[in-house]
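In case you want the letters, here they are:
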Protein chains: 2
Amino acid sequence: MNAVLENIYTRRSVRSYKPDPVPEELLEEIVKAGLYAPSAMNGQSWHLTVLTGDAVERFHKFSAEKAGRNAYYGAPAIILVFADKKAAWGSRDGSLALGNMMLAAHSLGLGTCWINIINHIFDGEDADALAAEWGIPAGYAPIGSIEVGYAAEPPRDAAPRREGTVNWIRA
Amino acid sequence: MNAVLENIYTRRSVRSYKPDPVPEELLEEIVKAGLYAPSAMNGQSWHLTVLTGDAVERFHKFSAEKAGRNAYYGAPAIILVFADKKAAWGSRDGSLALGNMMLAAHSLGLGTCWINIINHIFDGEDADALAAEWGIPAGYAPIGSIEVGYAAEPPRDAAPRREGTVNWIRA
């Protein structure tokens, strides 16, 4: 099995992190991998916001206030992905960028977990203000976010794959 | 640079294919990679339909009749991805499966291209009938499709990445 397939099969969502920060050069590599995702008509409709340091703590608080709980697991970095609302396929573009980043991180020894809460909390004047302060362009909608950090525990086995999700048609 | 990153950076959309069929064991590996994508709450809301042989030709005709043109480039295999309409994040799940498959294919020496036309043509009684014949579950919506085959030409360089799509927030 080649390294790409092995990386795909061994990636797991990580929900417990060491406090160690993610070296900036690794975050840059992960972000670059996200930007090299394919996108509809090469529109690259995404916008990425990389949170580290105090910005992570601040976002935890914001998330907890808006959602009633903090959905994040305490990783030292968070990457928020938004997409241009005018891009008809922005959720596809953004998801592909997030997918690339999860795989790139795993290949670099880092864990990630898609945290979907940003689809619920970026709503209202306080959210608009935070988005503007962080340079997220107006008219962009949340797609998803990932936490990035070193896993605190060894990964569990993958959950079983659901039956009956593939059909082969030859004629 | 590790093999996973190199695979991400060198993947390109392929729009010209050799007629050579894709060995079935490679298609199976690509499909498996798709099924190992993460999904919201591990819902695995996707359904994959793998077309080879005459089924590809038939789908070209169907696509051409519905859309006024055949959007496919003639690769010997097509994988259609649908997702359960009841899954709120089905477009994310399906996109991650498609992303994994594009990367897995590239690692195996195969080219792919996301063809979005299925989002337009699976509409109407004729589409419902074809979906039912091919075992696509009722209540599933198209997400995207990929062609899979051997590239007929060497890849071009990646288009430039758009400026201003990443912000770093540290406090």
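Details of the structure are given in the entry above.
The rules behind each value
- Residue indices begin from 1 for each chain and proceed along its sequence in written order.
- Starting at A for chains and at 1 for ligands, labels are handed out in the order in which the entities are written.
- Two thresholds apply to this predicted model, a pLDDT of at least 70 for residue-level local features and 80 or more for giving and counting side-chain atom pairs, whereas whole-chain, interface and lining totals are computed over all residues.
- Side-chain descriptors were evaluated using all non-hydrogen atoms of the structure, hydrogens and water having been removed beforehand.
- For the purposes of this entry, the term helix denotes a DSSP run of H or I that reaches at least four residues, the term strand denotes a run of E that reaches at least two, and both are numbered from the N terminus.
- Only protein chains enter the accessibility calculation, which uses a 1.4 Å probe; a residue is then buried when its area is under 20% of its type maximum, exposed when over 50%, and partly exposed in between.
- Charge convention: Lys and Arg are scored as positive, Asp and Glu as negative, and His as well as the terminal groups of each chain are ignored.
- Definition used for salt bridges: Asp or Glu carboxyl oxygen within 4 Å of a side-chain nitrogen of Lys or Arg.
- Distance and chemistry together define a polar contact, namely a pair of N or O atoms within 3.5 Å, with one atom able to donate a hydrogen and the other to accept it when in protein, and with adjacent residues in sequence counting only for side-chain atoms on both sides.
- We call two residues contacting when some pair of their heavy atoms lies within 4.5 Å.
- The criterion for strand pairing is that DSSP finds at least two bridges linking the strands in question.
- Accessible surface is computed with a 1.4 Å probe, and the buried area is the amount of it that two parts give up when combined, taken over both parts together.
- Here, axes are lines fitted to C-alpha atoms. For helices the fit covers the stretch in contact, and angles between N-to-C directions go from 0 to 180 degrees.
- What a helix should span is 1.5 Å times the count of its residues minus one.

So, on to the side chain of Glu147 of chain A. Residues and elements named next belong to chain A. Within the element layout of this structure, Glu147 appears in strand S4 (residues 140-149). Salt bridges are absent for the buried Glu147, whose nearest opposite-charge side chain, Arg15, sits at 7.9 Å. Here Gly74 takes part through its backbone nitrogen, which lies 3.1 Å from a polar atom of the side chain of Glu147. From its side chain, Glu147 meets the backbone nitrogen of Ala75 in a polar contact 3.0 Å long. Not counting residues up to four positions away in its chain, the partners in contact with Glu147 are Tyr17, Tyr72, Tyr73, Gly74, Ala75, Ala77, Ile78, Gly111, Thr112, Cys113 and Ile115.

Take the pairing of strand S2 (residues 77-84) of chain A next. All names here are of chain A. For S2, a buried count of eight out of eight residues is recorded, marking the element as mostly surrounded by other parts of the structure. Sheet topology note: the strand S1 (residues 46-52)/S2 ladder contains seven bridges and is antiparallel. Counted as the bridge partner of Thr49 is Leu80 from S2. In the sheet, S2 pairs with S4 via eight bridges, with the strands oriented antiparallel. Bridge pairing links Ile78 to Glu147 in S4.

Where burial is concerned, most of strand S3 (residues 111-115) of chain B is hidden: five out of the five residues are buried. Burial of S3 of chain B is two-sided: the residues Gly111, Cys113 and Ile115 of chain B facing one way and the residues Thr112 and Trp114 of chain B facing the other way are all buried.

This brings us to the interface of chain B and chain A. At the interface, 68 residues of chain B touch 68 residues of chain A. When the two sides are added together, the surface that chain B and chain A hide from each other amounts to roughly 5900 Å², 57% of it contributed by carbon and sulfur. One can count two salt bridges joining chain B with chain A. With a shortest N-O distance of 2.3 Å, Glu24 of chain B and Arg170 of chain A are connected by a salt bridge. Here chain B and chain A share 41 residue pairs in polar contact (both at pLDDT 80 or more) between them. Sorting the residues of the side of chain B that touches chain A by element identifies helix H1 (3-10), helix H2 (24-35), strand S1 (46-52), helix H3 (54-67), helix H4 (90-107), helix H5 (118-121), strand S4 (140-149) and strand S5 (166-169) of chain B as the ones contributing at least two each.

Quick look at the sheet that holds S1 of chain B now. Think of a sheet as strands paired side by side through backbone hydrogen bonds, with each pair either parallel or antiparallel. In space, the five strands of this open sheet follow the order S5(A)-S1(B)-S2(B)-S4(B)-S3(B), with mixed pairing throughout. Sheet topology places strand S5 (166-169) of chain A together with S3 of chain B at the edges, where each strand pairs with a single neighbour. Ignoring which end each strand starts from, the neighbouring axes of this sheet average 20° apart. With five bridges connecting them, S3 of chain B and S4 of chain B associate as antiparallel partners. Across the sheet, residue Thr112 of chain B finds its bridge partner in S4 of chain B, namely Val148 of chain B. Sheet strands touched by H3 of chain B: S5 of chain A together with S1 and strand S2 (77-84) of chain B. Its angle to S1 of chain B, the strand with the most contacts, is close to 105°. Taken strand by strand, H4 of chain B contacts S1, S2, S3 and S4 of chain B, and its axis lies near 5° from that of S4 of chain B.

Another point: helix H3 (residues 54-67) of chain A. End to end, H3 of chain A covers 20 Å across 14 residues, agreeing with the expected 20 Å (1.5 Å per residue, within 8%). Those residues of H3 of chain A that sit buried are Ala55, Val56, Phe59, His60, Phe62 and Ser63 of chain A. At its buried positions, H3 of chain A is contacted by S1, S2, helix H5 (118-121) and helix H6 (125-133) of chain A together with S5 of chain B. In the segment just after H3 of chain A, Gly68 of chain A is the residue with positive phi, at about 85°.

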